Amino acid sequence: MPQVNPTRPRREDGAPSNWDRYLDLLIRREVPAKFRQWYVRRVEDFLKDLKPAALSALTADQVTDYLRRMSARSDLADWQMRQIVDALRLLLVDLAQVPAGKGVDWGYWWEGQRTLTTEHATIARSTAVSAEDAADPRAIGVPRFSRSAQTFPILEDLARTIRAMQYSIRTEQSYVDWCHRFLLFCGSKPLDALGVPDVQRFLSHLAVERSVSAKTQSLAYNAVAFLFKHLLERPLEDVKFSKTRKQARLPVVLSRDEMRALLAHMDGTLGLMARLMYGTGMRLMECVRLRVLDVDFETA
């Protein structure tokens, strides 16, 4: 595949080149225009490194080894690593559909956690598949929201848009989940027929019948608003609905003696984690994903 400028006009004569097909795929997958040149650059770097005679000649081990080397680079941020993974997955699985693409655990590499195993509880997009799914080659590397995406394909486009915009993994999970609930609530109504009244009924349903908190209702609204703005291209306006009243809650704070008593009954890895979080103020996921290279032992 030759060098390409993703902003150049499409060729009007003859069949489209491989780069043209890849750029078309990026457009269909809702990758924002400002990120497409970076997707192309990720693919170029991959091809320059491995120099395959053809994409079909690649093996899953070669692709996995490349991803492993990329993940070990200290100059790449996590979002850059996820961009590399997404760019290669689109190339090898969606576009070329080569055997090597089906043999890579894309869910694991997308997560970008270099020191955690695929069985670790914090690998949110890499989950065990059922026996039924295991027999399906399409289940390799399928993200957690795959089942909902089978019913509502727009949810996969939603997740990809969130990834391209570099939102956090928790935001992606929450938005996909709430949009899935919203679409289920609307039943078989076509996407192009959905509008403000449907959103108002859904949010009022959450407040009146489900008794969700104000924070949860706000999260649901933000998720659905994102769907309408970035996927349906119809931003929500003048949405009115029954809002959940905020309830004043006094925080429960343990005294120092109570904390000492609690920590005295905790040992091993969990005890160390509890002491680290209490002493440093880290959040749970920050502590769980703490790596040796994150600790400056010389000044600690």
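Above this text sits the structure in question.
Basis of the calculations
Each chain carries its own residue numbering, running from 1 in the written order of its sequence. For this predicted model, a pLDDT threshold of at least 70 governs which residues receive local features, and a threshold of 80 or more governs which side-chain atom pairs are given and counted, while totals over whole chains, interfaces and linings are taken from all residues. The basis for every side-chain value is the complete set of heavy atoms in the structure, and neither hydrogens nor water enter the calculation. For the purposes of this entry, the term helix denotes a DSSP run of H or I that reaches at least four residues, the term strand denotes a run of E that reaches at least two, and both are numbered from the N terminus. Accessible area is worked out with a 1.4 Å probe on protein chains only. A residue is then buried under 20% of its type maximum, exposed over 50%, and partly exposed in between. The contact rule is simple, with two residues in contact once any of their heavy atoms fall within 4.5 Å. Areas reported here follow the Shrake-Rupley algorithm with a probe of radius 1.4 Å; residue values treat only the protein chains shown as occluding. Remark: nonpolar core denotes a set of buried residues (Ala, Val, Leu, Ile, Met, Phe, Trp, Tyr, Cys) joined through side-chain atoms within 4.5 Å. Expected span, for any helix, means 1.5 Å times one less than how many residues it has. What the bend at a residue measures is the angle between two axes, fitted to the seven residues ending there and to the seven starting there. Throughout, an axis means a line fitted to C-alpha atoms (over the contacting stretch in the case of helices), and angles, computed between N-to-C directions, take values from 0 to 180 degrees. With respect to orientation, any angle under 35 degrees is reported as roughly parallel, any angle over 145 as roughly antiparallel, any angle of 65 to 115 as roughly perpendicular, and every other angle as oblique. Gly is placed with the polar residues, together with every amino acid not listed as nonpolar (Ala, Val, Leu, Ile, Met, Phe, Trp, Tyr, Cys and Pro) or charged (Asp, Glu, Lys and Arg). Crossing handedness: left-handed means the near helix sits turned counterclockwise from the far one by under a right angle, and right-handed means the same turn made clockwise.

Another aspect to go through is the overall build of the protein chain. A count of helices and strands for the protein chain gives 15 helices and zero strands. Burial status across the protein chain gives 40% buried among its 300 residues. Across the protein chain, contacts joining residues at least 24 apart in sequence account for 57% of those joining residues at least 6 apart. Entry remark: accessible area of the protein chain is about 18100 Å², with carbon and sulfur atoms responsible for 52%.

Turning our attention to the nonpolar core. Ranked by size, the top nonpolar core spans 37 residues in total, and within it Y22, Y39, L67 and L92 carry the most contacts. Those elements giving two or more residues to this core turn out to be α1 (18–28), α2 (33–50), α3 (60–71), α4 (78–95) and α6 (106–111). Excluding its chain neighbours within four sequence positions, the residues that come into contact with Y22 are Y39, V40, V43, A87, L90, L91 and L95. I154, L158, F182 and F228 belong to the second-largest nonpolar core, a separate cluster that totals 30 residues.

Between the first and last C-alpha of α4 there are 24 Å, a value that for 18 residues agrees with the 26 Å anticipated at 1.5 Å per step. Taken as a whole, α4 carries its principal kink of about 25° at R89. A large share of α4 lies buried, amounting to 13 of its 18 residues. Just beyond α4, the residue with positive phi is Q97, at close to 55°.

Right, let's talk about the packing of α2 against α4 for a bit. Two elements in contact, α2 and α4, have axes separated by 9 Å at closest approach and are oriented at 75°. Taken as axis vectors, α2 and α4 run roughly perpendicular relative to one another. For the pair α2 and α4, the contacting residues are F35, W38, Y39, R42, V43 and F46 in the first and Q80, Q83, I84, D86, A87, L88, L90, L91 and L92 in the second. Of the residues contributing to the contact of α2 with α4, the split by class is eleven nonpolar, two polar and two charged.

In this section: the environment of L26. Examined against the element boundaries, L26 turns out to sit in helix α1. Residue L26 is classed as buried on the basis of its relative accessible area of 0%. Apart from residues no more than four positions distant in its own chain, L26 is found in contact with V31, R36, Y39 and L90.

Next up on the list: the packing of helix α13 (residues 256–264) against helix α14 (residues 268–280). Two numbers describe how α13 lies on α14: the axes approach to 10 Å, and their chain directions differ by 155°. One element, α13, and the other, α14, form an angle in the roughly antiparallel class. Note on packing geometry: the crossing formed by α13 with α14 is left-handed. From α13, R256, M259, L263 and A264 reach across to α14, where they touch A274, R275 and Y278. A class-by-class count of the residues in the contact of α13 with α14 yields five nonpolar, no polar and two charged.

Turning to unusual backbone geometry, a few remarks are in order. Here Q166, not a glycine, exhibits a phi torsion of approximately 65°, which is positive. Residue position: Q166 is located in the loop between α9 (154–164) and α10 (169–185). The class of Q166 is partly exposed, set by a relative accessible area of 35%. The backbone of D238 shows a phi angle near 55°, a positive value even though the residue is not glycine. Turning to its location among the elements, D238 is positioned in the loop between α12 (214–231) and α13. The class for D238 is exposed, based on a relative accessible area of 58%.

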